[in-house]
Amino acid sequence: MAIPVIDFSKINGEERENTLSEIAKACEEWGFFQLVNHGIPLELLNKVKKLASDCYKTEREEAFKTSTPVKLLNELLEKNSGEKLENVDWEDVFTLLDHNQNEWPSNTSGLKETMVEYREEVRKLASKMMEVMDENLGLPKGYIKKAFNEGMEDGEETAFFGTKVSHYPPCPRPELVNGLRAHTDAGGVVLLFQDDEYDGLQVLKDGEWIDVQPMPNAIVINTGDQIEVLSNGRYKSAWHRVLAREEGNRRSIASFYNPSYKAAIGPAAAEEGSEKKYPKFVFGDYMDVYANQKFMPKEPRFLAVKTL
(Lines give C-alpha, C1' and ligand atoms only; values in the text may rest on other atoms or scores of the structure.)
Protein backbone atom coordinates (compact mmCIF):
# COMPACT_ATOMS: atom_id res chain seq x y z
CA MET A 1 0.00 0.00 0.00
CA ALA A 2 1.40 3.40 -1.02
CA ILE A 3 0.02 6.91 -0.58
CA PRO A 4 -1.58 8.36 -3.72
CA VAL A 5 0.58 10.15 -6.32
CA ILE A 6 -1.30 12.78 -8.34
CA ASP A 7 -0.18 14.64 -11.46
CA PHE A 8 -1.32 18.20 -10.72
CA SER A 9 -0.65 19.42 -14.27
CA LYS A 10 -3.78 17.53 -15.37
CA ILE A 11 -6.02 19.78 -13.28
CA ASN A 12 -6.20 22.19 -16.24
CA GLY A 13 -6.75 19.72 -19.08
CA GLU A 14 -9.14 17.08 -20.36
CA GLU A 15 -8.46 14.97 -17.28
CA ARG A 16 -9.59 17.69 -14.86
CA GLU A 17 -12.61 15.79 -13.52
CA ASN A 18 -10.59 12.65 -12.95
CA THR A 19 -7.84 14.65 -11.19
CA LEU A 20 -10.38 16.39 -8.96
CA SER A 21 -11.79 12.99 -8.08
CA GLU A 22 -8.31 11.60 -7.28
CA ILE A 23 -7.62 14.52 -4.93
CA ALA A 24 -11.03 14.18 -3.24
CA LYS A 25 -10.46 10.47 -2.68
CA ALA A 26 -6.95 11.10 -1.30
CA CYS A 27 -8.29 13.75 1.11
CA GLU A 28 -11.12 11.49 2.27
CA GLU A 29 -9.23 8.21 2.58
CA TRP A 30 -5.67 9.24 3.40
CA GLY A 31 -5.25 12.90 4.38
CA PHE A 32 -1.88 12.58 2.61
CA PHE A 33 -0.87 12.50 -1.05
CA GLN A 34 2.09 13.35 -3.27
CA LEU A 35 1.84 15.98 -6.02
CA VAL A 36 4.05 15.77 -9.09
CA ASN A 37 4.13 18.37 -11.89
CA HIS A 38 2.92 20.91 -9.35
CA GLY A 39 4.43 23.94 -11.09
CA ILE A 40 7.28 24.83 -8.72
CA PRO A 41 10.39 25.17 -10.91
CA LEU A 42 12.82 22.27 -10.70
CA GLU A 43 15.80 24.61 -10.62
CA LEU A 44 14.37 26.33 -7.53
CA LEU A 45 13.76 23.01 -5.78
CA ASN A 46 17.36 21.94 -6.43
CA LYS A 47 18.63 25.21 -4.91
CA VAL A 48 16.40 24.74 -1.86
CA LYS A 49 17.71 21.21 -1.32
CA LYS A 50 21.35 22.24 -1.60
CA LEU A 51 21.11 25.38 0.53
CA ALA A 52 19.07 23.72 3.29
CA SER A 53 21.67 20.95 3.54
CA ASP A 54 24.54 23.46 3.43
CA CYS A 55 22.87 25.45 6.19
CA TYR A 56 22.59 22.43 8.45
CA LYS A 57 26.22 21.51 7.85
CA THR A 58 27.64 24.98 8.48
CA GLU A 59 25.21 26.49 11.00
CA ARG A 60 23.37 23.70 12.83
CA GLU A 61 25.30 20.44 13.01
CA GLU A 62 27.74 21.32 15.81
CA ALA A 63 24.96 22.62 18.05
CA PHE A 64 22.92 19.45 17.56
CA LYS A 65 25.77 17.37 19.00
CA THR A 66 25.17 19.04 22.39
CA SER A 67 21.37 19.30 22.09
CA THR A 68 18.83 17.92 24.56
CA PRO A 69 17.96 14.79 22.51
CA VAL A 70 21.63 13.82 22.25
CA LYS A 71 22.25 14.41 25.97
CA LEU A 72 19.15 12.44 26.97
CA LEU A 73 20.00 9.52 24.69
CA ASN A 74 23.55 9.38 26.06
CA GLU A 75 22.21 9.35 29.62
CA LEU A 76 19.80 6.56 28.70
CA LEU A 77 22.59 4.49 27.16
CA GLU A 78 24.69 4.93 30.29
CA LYS A 79 21.80 3.65 32.44
CA ASN A 80 21.30 0.73 30.01
CA SER A 81 17.73 0.40 31.27
CA GLY A 82 16.16 -0.64 27.98
CA GLU A 83 13.74 2.29 28.21
CA LYS A 84 12.81 4.46 25.25
CA LEU A 85 12.84 8.27 25.11
CA GLU A 86 9.15 9.06 24.70
CA ASN A 87 9.00 12.84 25.17
CA VAL A 88 11.71 14.13 22.87
CA ASP A 89 12.30 14.21 19.09
CA TRP A 90 15.59 13.49 17.31
CA GLU A 91 15.18 16.59 15.16
CA ASP A 92 16.93 19.87 14.42
CA VAL A 93 14.47 22.64 13.52
CA PHE A 94 14.36 26.27 12.49
CA THR A 95 11.28 28.16 11.39
CA LEU A 96 10.92 30.77 8.64
CA LEU A 97 8.20 33.41 9.00
CA ASP A 98 7.58 36.55 6.93
CA HIS A 99 7.89 38.90 9.90
CA ASN A 100 11.12 37.49 11.36
CA GLN A 101 13.43 37.37 8.34
CA ASN A 102 16.16 39.02 10.40
CA GLU A 103 16.18 35.83 12.52
CA TRP A 104 16.65 33.46 9.57
CA PRO A 105 20.04 31.68 9.35
CA SER A 106 22.40 34.23 7.87
CA ASN A 107 25.71 32.47 7.21
CA THR A 108 24.60 30.41 4.22
CA SER A 109 24.97 32.51 1.09
CA GLY A 110 21.78 32.68 -0.98
CA LEU A 111 19.59 30.86 1.54
CA LYS A 112 17.37 33.81 2.43
CA GLU A 113 16.69 34.91 -1.16
CA THR A 114 16.03 31.33 -2.26
CA MET A 115 13.66 30.58 0.60
CA VAL A 116 11.72 33.80 0.03
CA GLU A 117 11.19 32.74 -3.59
CA TYR A 118 10.36 29.14 -2.64
CA ARG A 119 7.86 30.18 0.02
CA GLU A 120 6.07 32.42 -2.49
CA GLU A 121 5.73 29.48 -4.90
CA VAL A 122 4.46 27.19 -2.13
CA ARG A 123 1.96 29.81 -0.97
CA LYS A 124 0.55 29.98 -4.52
CA LEU A 125 0.30 26.19 -4.63
CA ALA A 126 -1.52 26.20 -1.28
CA SER A 127 -4.08 28.65 -2.72
CA LYS A 128 -4.66 26.39 -5.73
CA MET A 129 -5.05 23.35 -3.48
CA MET A 130 -7.60 25.13 -1.28
CA GLU A 131 -9.61 26.07 -4.39
CA VAL A 132 -9.60 22.40 -5.45
CA MET A 133 -10.87 21.46 -1.99
CA ASP A 134 -13.58 24.15 -2.25
CA GLU A 135 -14.75 22.65 -5.53
CA ASN A 136 -14.68 19.07 -4.27
CA LEU A 137 -16.59 20.00 -1.10
CA GLY A 138 -19.22 21.95 -3.05
CA LEU A 139 -18.17 25.27 -1.50
CA PRO A 140 -17.90 28.65 -3.27
CA LYS A 141 -14.50 29.30 -4.83
CA GLY A 142 -12.20 30.91 -2.26
CA TYR A 143 -14.28 29.76 0.74
CA ILE A 144 -11.47 28.04 2.68
CA LYS A 145 -8.94 30.76 1.98
CA LYS A 146 -11.39 33.44 3.07
CA ALA A 147 -12.20 31.50 6.26
CA PHE A 148 -8.47 31.34 7.08
CA ASN A 149 -7.89 35.05 6.35
CA GLU A 150 -10.01 36.69 9.03
CA GLY A 151 -10.00 40.47 8.63
CA MET A 152 -8.18 40.47 5.28
CA GLU A 153 -8.16 43.92 3.70
CA ASP A 154 -7.06 44.96 0.19
CA GLY A 155 -5.94 41.40 -0.53
CA GLU A 156 -3.40 41.47 2.33
CA GLU A 157 -3.52 37.94 3.74
CA THR A 158 -3.78 37.48 7.50
CA ALA A 159 -3.45 33.69 7.44
CA PHE A 160 -0.45 32.22 9.25
CA PHE A 161 2.11 30.96 6.75
CA GLY A 162 5.21 29.37 8.22
CA THR A 163 7.97 27.08 6.99
CA LYS A 164 9.64 24.56 9.27
CA VAL A 165 13.07 23.37 8.09
CA SER A 166 13.98 20.11 9.84
CA HIS A 167 16.87 17.69 9.71
CA TYR A 168 16.93 14.25 11.28
CA PRO A 169 20.63 13.46 11.80
CA PRO A 170 22.00 9.92 12.04
CA CYS A 171 21.04 8.34 15.38
CA PRO A 172 23.22 5.68 17.04
CA ARG A 173 20.19 3.91 18.57
CA PRO A 174 17.12 4.76 16.45
CA GLU A 175 14.98 2.16 18.22
CA LEU A 176 15.24 4.18 21.45
CA VAL A 177 14.02 7.57 20.22
CA ASN A 178 11.49 9.05 17.79
CA GLY A 179 12.55 11.23 14.87
CA LEU A 180 9.24 13.04 15.42
CA ARG A 181 6.44 11.70 17.59
CA ALA A 182 3.09 10.76 16.05
CA HIS A 183 0.70 13.71 15.73
CA THR A 184 -1.81 15.40 13.47
CA ASP A 185 -1.13 18.93 12.24
CA ALA A 186 -3.16 21.65 13.94
CA GLY A 187 -3.72 23.95 10.99
CA GLY A 188 -4.90 23.96 7.42
CA VAL A 189 -2.92 22.74 4.41
CA VAL A 190 0.64 21.45 4.81
CA LEU A 191 3.00 21.33 1.83
CA LEU A 192 6.08 19.22 2.45
CA PHE A 193 9.22 19.09 0.33
CA GLN A 194 10.81 16.00 1.81
CA ASP A 195 14.16 14.32 1.31
CA ASP A 196 14.35 12.42 -1.97
CA GLU A 197 16.95 9.95 -0.69
CA TYR A 198 16.20 9.06 2.93
CA ASP A 199 12.82 7.78 4.09
CA GLY A 200 11.40 7.88 7.60
CA LEU A 201 8.08 9.70 7.25
CA GLN A 202 5.09 7.45 7.89
CA VAL A 203 1.32 8.00 7.86
CA LEU A 204 -1.25 5.95 9.79
CA LYS A 205 -3.79 4.28 7.52
CA ASP A 206 -6.34 1.77 8.82
CA GLY A 207 -4.21 1.06 11.88
CA GLU A 208 -1.03 0.47 9.87
CA TRP A 209 1.99 2.76 9.51
CA ILE A 210 2.69 3.33 5.80
CA ASP A 211 5.94 4.81 4.46
CA VAL A 212 5.66 8.09 2.54
CA GLN A 213 8.25 7.07 -0.02
CA PRO A 214 10.74 9.69 -1.19
CA MET A 215 9.94 10.93 -4.70
CA PRO A 216 12.30 13.40 -6.38
CA ASN A 217 10.77 16.90 -6.58
CA ALA A 218 7.32 15.86 -5.36
CA ILE A 219 5.40 17.99 -2.87
CA VAL A 220 3.58 15.99 -0.18
CA ILE A 221 0.21 17.50 0.76
CA ASN A 222 -1.51 16.74 4.03
CA THR A 223 -4.59 18.20 5.64
CA GLY A 224 -4.61 19.57 9.18
CA ASP A 225 -7.25 19.64 11.89
CA GLN A 226 -8.89 22.84 10.57
CA ILE A 227 -9.62 21.26 7.18
CA GLU A 228 -11.22 18.35 9.05
CA VAL A 229 -13.45 20.84 10.91
CA LEU A 230 -14.34 22.94 7.85
CA SER A 231 -15.22 19.80 5.87
CA ASN A 232 -17.34 18.54 8.79
CA GLY A 233 -15.21 15.41 9.02
CA ARG A 234 -15.32 14.51 5.34
CA TYR A 235 -11.57 15.13 5.17
CA LYS A 236 -9.59 13.80 8.12
CA SER A 237 -6.28 15.12 9.43
CA ALA A 238 -3.92 12.14 9.36
CA TRP A 239 -1.63 10.87 12.09
CA HIS A 240 1.99 10.83 10.97
CA ARG A 241 5.45 10.39 12.46
CA VAL A 242 9.12 10.34 11.52
CA LEU A 243 11.40 7.43 12.42
CA ALA A 244 14.95 8.08 13.56
CA ARG A 245 17.57 6.52 11.26
CA GLU A 246 21.00 5.10 11.90
CA GLU A 247 22.33 6.49 8.62
CA GLY A 248 21.73 9.59 6.57
CA ASN A 249 20.63 13.08 7.51
CA ARG A 250 17.00 13.33 6.38
CA ARG A 251 15.88 16.81 5.27
CA SER A 252 12.28 17.99 5.58
CA ILE A 253 10.84 21.38 4.60
CA ALA A 254 7.20 21.73 5.65
CA SER A 255 5.16 24.86 4.90
CA PHE A 256 1.90 25.44 6.74
CA TYR A 257 -0.99 27.54 5.40
CA ASN A 258 -2.98 27.96 8.63
CA PRO A 259 -5.84 30.22 9.69
CA SER A 260 -5.18 33.59 11.24
CA TYR A 261 -5.13 33.25 15.02
CA LYS A 262 -8.28 35.42 15.07
CA ALA A 263 -10.15 33.34 12.48
CA ALA A 264 -13.40 31.68 13.51
CA ILE A 265 -13.39 28.10 12.24
CA GLY A 266 -16.38 25.77 12.12
CA PRO A 267 -18.04 23.34 9.71
CA ALA A 268 -18.86 25.01 6.39
CA ALA A 269 -22.51 25.42 5.47
CA ALA A 270 -23.31 21.76 4.95
CA GLU A 271 -26.23 20.17 3.15
CA GLU A 272 -29.61 21.10 4.55
CA GLY A 273 -30.40 19.12 7.64
CA SER A 274 -26.97 17.56 8.05
CA GLU A 275 -25.53 17.51 11.54
CA LYS A 276 -22.50 19.66 12.35
CA LYS A 277 -20.01 17.31 13.97
CA TYR A 278 -17.55 19.93 15.22
CA PRO A 279 -17.88 23.10 17.29
CA LYS A 280 -17.06 26.58 16.02
CA PHE A 281 -14.06 28.21 17.69
CA VAL A 282 -11.30 30.79 17.29
CA PHE A 283 -8.15 29.20 15.86
CA GLY A 284 -5.90 30.88 18.44
CA ASP A 285 -7.92 29.22 21.21
CA TYR A 286 -7.51 25.88 19.47
CA MET A 287 -3.74 26.39 19.32
CA ASP A 288 -3.67 26.99 23.08
CA VAL A 289 -5.19 23.53 23.55
CA TYR A 290 -3.03 21.94 20.84
CA ALA A 291 0.19 23.22 22.42
CA ASN A 292 -0.42 20.90 25.39
CA GLN A 293 -2.10 18.03 23.52
CA LYS A 294 -0.21 17.76 20.21
CA PHE A 295 0.88 14.17 20.78
CA MET A 296 -2.38 13.06 22.41
CA PRO A 297 -5.66 11.88 20.80
CA LYS A 298 -7.12 14.68 18.72
CA GLU A 299 -10.86 14.28 19.41
CA PRO A 300 -10.60 15.68 23.00
CA ARG A 301 -8.97 18.84 21.58
CA PHE A 302 -12.16 19.73 19.72
CA LEU A 303 -14.13 19.30 22.94
CA ALA A 304 -11.65 21.21 25.10
CA VAL A 305 -11.51 24.37 23.00
CA LYS A 306 -13.73 27.32 23.95
CA THR A 307 -16.68 27.39 21.55
CA LEU A 308 -18.37 30.35 19.88
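- For the protein chain, an unreviewed UniProt entry supplies the name aminocyclopropanecarboxylate oxidase and the organism Brassica campestris.
- Listed under Sequence similarities (unreviewed entry) in UniProt, the entry text for the protein chain is "Belongs to the iron/ascorbate-dependent oxidoreductase family."
- In the Catalytic activity (unreviewed entry) part of its UniProt record, the protein chain is described as follows: "1-aminocyclopropane-1-carboxylate + L-ascorbate + O2 = ethene + L-dehydroascorbate + hydrogen cyanide + CO2 + 2 H2O".

Structural notes on the layout of surface pockets
By rolling a water-sized probe across the atoms, one finds the places where empty space is left.
For step 1, the next point in the chain: Looking at the largest pocket, its volume works out to about 520 Å³.
For step 2, the next point in the chain: Lining the largest pocket we find 30 residues, and of these Lys-164, His-183, Asp-185, Phe-256 and Lys-294 sit closest to its centre.
For step 3, the next point in the chain: It is strand β5 (residues 160-168) that contributes the most residues to the lining of the largest pocket, six residues altogether.
For step 4, the next point in the chain: Looking at side-chain class alone, the lining of the largest pocket contains 14 nonpolar, ten polar and six charged residues.

Remarks on the nonpolar core
For step 1, the next point in the chain: Ranked by internal contacts, the top residues of the largest apolar core, which has 62 residues, are Ile-23, Phe-33, Tyr-118, Met-129, Ile-144 and Phe-148.
For step 2, the next point in the chain: Residues in contact with Ile-23, not counting those within four places in the same chain, are Ile-6, Phe-8, Ile-11, Phe-33, Met-129, Val-132 and Asn-136.
For step 3, the next point in the chain: With 16 residues, the next largest nonpolar core counts Tyr-168, Leu-180, Leu-201 and Ala-238 among its residues.

What to know about the packing of aromatic side chains
For step 1, the next point in the chain: Tallied over the entire structure, the rule returns ten aromatic pairs.
For step 2, the next point in the chain: Between Phe-160 and Tyr-261, the aromatic rings sit 6.1 Å apart at their centres with planes inclined by 55°, giving tilted as the arrangement. In this pair, Phe-160 sits in strand β5 while Tyr-261 sits in the loop between β12 (250-258) and β13 (264-265), placing the two residues 101 residues apart along the sequence.
For step 3, the next point in the chain: On the basis of relative accessibility, which here comes to 28%, the residue Phe-160 falls in the partly exposed class.

Conventions adopted
- Residue positions are counted from 1 within each chain, in the order its sequence is given.
- Only residues with pLDDT of at least 70 are given local features in this predicted model, and only at 80 or more are side-chain atom pairs given and counted; all residues enter the totals for whole chains, interfaces and linings.
- The basis for every side-chain value is the complete set of non-hydrogen atoms in the structure, without hydrogens or water.
- UniProt positions are given in the numbering used here, feature names are shortened, and annotations may be inferred rather than shown by experiment.
- Cavity means a closed set of points on a 1 Å grid over the protein atoms alone, one where a 1.4 Å probe fits but cannot get out, pocket means an open set with protein on both sides within 12 Å along at least 5 of 7 lines, and lining means a residue has an atom within 4 Å of a point.
- Grid points are joined across faces, edges and corners, and a volume is the space filled by probe spheres set on the points.
- Runs of E in the DSSP output that reach at least two residues are strands. Runs of H or I that reach at least four are helices, and both are numbered from the N terminus.
- Three classes are used: nonpolar for Ala, Val, Leu, Ile, Met, Phe, Trp, Tyr, Cys and Pro, charged for Asp, Glu, Lys and Arg, and polar for all others, with Gly counted as polar.
- Only buried residues count toward a nonpolar core, which is a set of Ala, Val, Leu, Ile, Met, Phe, Trp, Tyr and Cys residues joined through side-chain atoms within 4.5 Å.
- Per-residue accessibility, obtained with a 1.4 Å probe over protein chains only, is compared with the maximum for each type, and a residue is labelled buried under 20%, exposed over 50%, and partly exposed between these values.
- A contact between two residues is defined here by any heavy atoms of the two lying within 4.5 Å.
- Classification of ring pairs uses Phe, Tyr and Trp, with its six-membered ring standing for Trp, and accepts pairs whose centres are within 6.5 Å; under 30 degrees between planes counts as stacked, over 60 as edge-to-face, and the remaining range as tilted.

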